[in-house]
Each structure stands twice: as structure tokens, then as C-alpha cells.
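Fold and contact review
The chain contents come next:
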Amino acid sequence: MALPKELAQAVIDPKSYSVREIVDEAFKTIRATAPLDKAELDGMDPFWVVSRHADIKEIERQPDIFHNGDKSTFLSDRENEAKVKMLTGGEPNLIRSLVSLDGKEHKDVRGIVFPHVTPRAIKPLEDAIRGIAREFVDHMLSFDGEVDFAQDVAFLYPLRVIMTVLGVPQEDEPFMLKLTQELFNNADPELNRARAELSPEEALKSLWETTMELENYFKAVTEKFRANPTTQINSLIANAKIDGEYLNHRQLMGYYIIAATAGHDTTSNTTAGAMWALAERPHLLAEMKADPSKINAFVEESIRWEAPVKHFMRSAVSDVEIGGQQIKAGDWLMLSYQSGNRDESVWSDPFEFRIDRESNPQIAFGYGVHVCLGQHLARMEMRILWEELFKRLESVEMNGKGERTISNFVCGPKHVPIKFTAN
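First, a word on scope: everything that follows refers to the structure included in this document.

Cut-offs and rules
- Residues numbered from 1 in each chain as written.
- Predicted model: local features only at pLDDT ≥ 70, side-chain atom pairs only at ≥ 80, totals over all residues.
- Heavy atoms only, no water.
- Helix = DSSP H or I, 4+ residues; strand = E, 2+ residues; numbered from the N terminus.
- Rg over C-alpha atoms; globule rule 2.2 N^0.38 Å.
- Buried < 20%, exposed > 50% of the residue type's maximum accessible area, 1.4 Å probe, protein only.
- Contact = heavy atoms within 4.5 Å.
- Areas by Shrake-Rupley, 256 points an atom, 1.4 Å probe, with all protein chains shown as cover.
- Lys, Arg positive; Asp, Glu negative; His and termini not counted.
- Charge placed at Lys NZ, Arg CZ, Asp CG, Glu CD.
- Axes fitted to C-alpha atoms, helices over the stretch in contact; angles between N-to-C directions.
- Parallel < 35°, antiparallel > 145°, perpendicular 65-115°, else oblique.
- Left-handed = near helix turned anticlockwise from the far one by under 90°.
- Nonpolar A, V, L, I, M, F, W, Y, C, P; charged D, E, K, R; others polar.
- Pairing = 2+ DSSP bridges.
- Salt bridge = Lys/Arg side-chain N within 4 Å of Asp/Glu carboxyl O.

For the protein chain, the helix and strand inventory stands at 17 helices and 14 strands. The C-alpha atoms of the protein chain give a radius of gyration of 21 Å, which matches the 22 Å a tight globule of 423 residues would have. Dimensions of the protein chain along its principal axes, counting C-alpha atoms only, are 60 × 55 × 40 Å. Considering the protein chain as a whole, with its 423 residues, one finds that 57% of them fall into the buried category. Restricting the contact set of the protein chain to residue pairs at least 6 apart, pairs at least 24 apart contribute 72%. Surface accessibility of the protein chain: about 17400 Å² in total, with carbon and sulfur atoms responsible for 53%. In the protein chain, 49 side chains carry a positive charge and 66 a negative one; their mean positions are 3 Å apart.

Here's what the structure looks like:
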């Protein structure tokens, strides 16, 4: 029995994610009535919708059975997937990044940067990040009581942090922000490359053009850092070798692109979502000003709450049982992190933003061998921003209606208008 079409359509439609309640209600129904069932929609290969926290973790902990890169790692229709294979010479993803690698290749490529982003390795960055945070707090307060926190702070602060870590000059930050938004928000006329509603054919063309622009940029980065190596992440990528050989073109470009885009956009979405939640719950600011140790819980709850990566796809390579269902070799599965982070069997009051939870096993960063490489840096930069801002912020409230991005992949608030007072 297939998932009802109206529910399946609701959880794949980019416009649904611009109104959080639509997706939350759809997944609430799915978790209650068909927590692991197949979606069968016109033009798309059938796929299992994985909605429960436990089932997502069970799939993520078995990377040898559930592959990332055999089919598209993101929701895609048959026609677009065929066109992508034509553009890439047979691969189902435009970008060969860490999230679309499997097995030894994934382990080898991930290992290039992993030692440099552990909690111990990033600890020396704290002072520099705190300096950046103070700069952006000053920037926010310069708006004299009213600001669009998403546009003027949340999009820019994580961008500055990750570009500093990567070794990208400040003057290139607007370029990187523009291309990141084009890449992840292709369905949003306010943010995509054409600044218009796009047909599927136009959307793919737009993504390809953005990808090629990024590749042209990083070709020069490779030449620069191979001539003059540094300790910055882009230099590590440029000079990395596996079995004595430099990364091939697809591996190299995929690494640069995911680091330079997902490396800040996911944190930006979470930061913007945290402020939106805070502005609607003024008691939380008073709590954290009185006890700054609660900021860590605030960060973790904002990660659960926003879950900026909405889904990844997996492909089964052998028959296996998950959640009482028989998954067959060749089946395609959609892991919904937003749904997993609202699972009523894991959290009481999952639709409320609470910093007093006894535990918060959120899975917004994924789980297992594919868990987000930059998770510790993301937590650090968010914690530091709130520590610096809450010292100076007296009150905050929404100042109009917030708006969310139109996207079913990586998305979050794009406008968070607030009113504030500062000391």
C-alpha cells in the first residue's frame, strides 16, 4: 500500500517548506499512520519516506547496505536524473561531494579534513571566532532597534567564519553567498540564479551554471594553494593525496563546493531560526542572561528545531528489514531529518521550542559515518555568537512576519524582522 499522494506531495513540494506547519502536519500524520511507506508519484522513481528517528538512525548506521551515491542523493525526477547523468558522464549527482560518496572513497576523502575539525583541533579558533562574533553584534546593534536578523546577521556571520577557516578572502564573500543561495534555493524566485519561477529544465540549467561558476573559482584556488600551501582548509584539499595521487577533478571540486556552501548555509539557517524562536519567546532571553550556561541547550534545541538539511536519499544494495518493512535491493529511501526531529516517541512537546529538555538526541547533523564534518565548528560559532549578543541584548520581539525559503533540501528562514533594545 502506497503513501497517500497528497501526503507524499506535501513532503516533496519546495513550497511546503516555506510554511513549516504544512510539512510538520504532513509528517505528523505520516508518523502516526504510515511511518515507513512508499511514495509513488508521477515522473519519479518510487521511494520510501522514512519519518521516524529510530528508522533514520538504523539506516544511517548501515552505510554498507544503504548507499549515498548509487542514485541521486537528493529528490529528483527521472527526467532530471537522466540529464544529470548526461552532464556528468554517468553519475547521478551534479556535484561529487562527501554526501554522495560511499565506502573506501568516502573514508579516504573525509579523512583529509576530519583531523582538523575535531573539538580539540578547532579550540584554538575560539578567540578569532569571538572577534568575528563581536563585529557582527556591533553590526546588528548599529541598526538602532530594528533589523532583518536573517539577512543582516545570520547569513553573514557564519559565512565570515567558514571563509576565514577555508582561506577565502573577505572580498569574495558576497560571491560565495550568492552562489550558495543559488545552489540550495533553486526553487525560490527571490534567491535563485534567474530570480524567477523555473521549469524543471530551467532549474537544472541554472544549477549547472552555478556549479560551473564555482568550479572555475576553485580551479584558481587549487593553483594558488599548490604553489603556496598554508594550513587553511582549502589548501589541505588542494594538496591532499590518496594513494599517492591528488584528488581527481570531481572529488576536488565536490570537496571545495560542499565546504564553501553547506559549511555556512546550514549554520545560517539554524541561527536565523534560533532568533525567530527567541523573538517569539522573550522569557528565554531572560533565562539565558541570568544563566549563560543554558546557551548550549539553546544551540542544541535550535539545531533540532530548524533541521536545515531537510532530507538525504539512500539506495539499498541488498534486502533488509527496517521498521517492520521489507526493503529490497535497489529501493530508494528519503530520510526526513525534520520529521525525525519531531518524533513524538523521542521528545515530549516536539512542536515546542524548549531549552529545558533532559536530553536532546537531535539528528539534524545526520548519524554514523556520514555525520556532518563541521558539526563541532557549527556549534562553537553559534554558542559564541549568542554569548556575545546576550551580554548586550535587553529585549527582542518579532517586527512583522518572518519568511522561509522555498526549498525541499537545505532551507530555513530568509527574513526574520525583529525589534530589539540593547544595553
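We are not done yet, so read on.
Attention now moves to the packing of helix α4 (residues 78-88) against helix α11 (residues 200-227). The contact between α4 and α11 brings their axes to 11 Å, and the two run at 30°. One finds that α4 runs roughly parallel with respect to α11. Both α4 and α11 take part in a crossing whose hand is right-handed. On the side of α4, the interface is formed by Asn80, Lys83, Val84 and Leu87, while α11 contributes Pro200, Glu201, Leu204 and Trp208. By residue class, the composition of the contact of α4 with α11 is five nonpolar, one polar and two charged.

Right, let's talk about the environment of Phe47 for a bit. Structurally, Phe47 is set in strand β2 (residues 47-50). On the accessibility criterion, Phe47 (1% relative accessible area) is buried. Considered as a pair, Phe47 and Thr261 are 214 residues apart in the sequence and their alpha carbons are 27 Å apart. For Phe47, the contacting residues outside a window of four places in its chain are Ile12, Asp37, Lys38, Ala39, Leu41, Leu75, Met313, Trp332 and Met334.

What follows deals with the pairing of β2. Here β2 shows two buried faces, one formed by Phe47 and Val49 and the other by Trp48 and Val50. Here three bridges tie β2 to strand β10 (residues 332-336), and the two strands are oriented parallel to one another. What sits directly across from Trp48, in β10, is Leu333.

Moving on, we get to the sheet that holds strand β4 (residues 146-148). The antiparallel open sheet is built from three strands, whose spatial order is β4-β14-β11. Whereas interior strands pair on both sides, the edge strands pair on one side only; in this sheet they are β4 and β11 (393-398). Recorded for the sheet is a direction-independent mean angle of 30° between the axes of neighbouring strands. Judged from the three bridges that link them, β4 and strand β14 (residues 417-422) form a sheet pairing that is antiparallel.

Residues that lie three or four places apart on an α-helix share one face, since the helix turns once every 3.6 residues. Listing the buried residues of helix α1 (residues 5-12) in full gives Leu7, Ala8, Ala10, Val11 and Ile12. Of the surrounding secondary structure, the elements contacted by the buried residues of α1 are α2 (20-33), β1 (36-39), β2 and β10.

Moving on: the sheet that holds strand β7 (residues 311-316). The strand order across the open sheet built from five strands is β1-β2-β10-β7-β3, with neighbouring strands paired in mixed fashion. Looking along the sheet, the strands with just one partner apiece sit at the ends: β1 and β3 (66-67). Pairing between β7 and β10: five bridges, direction antiparallel. Bridge pairing links Arg314 to Leu333 in β10.

To continue, consider the pattern of salt bridges. Taken as a whole, this structure holds 45 salt bridges when the rule is applied. Among the salt bridges present, the one from Glu58 reaches Arg61, with a minimum N-O distance of 2.5 Å. Since its relative accessible area comes to 30%, Glu58 is described here as partly exposed. Glu182 is the partner of Lys178 in a salt bridge, and the nearest nitrogen-oxygen pair spans 2.6 Å. Separated by four residues within a single helix, Lys178 and Glu182 lie in helix α10 (residues 173-184), roughly one turn from each other. Its relative accessible area of 37% is what places Lys178 among the partly exposed residues. The buried category is assigned to Glu182, whose relative accessible area is 1%. Bridged by salt links that share partners, the residues Lys123, Glu126, Arg130, Arg134, Arg383, Glu387, Glu388 and Lys391 form one connected network.

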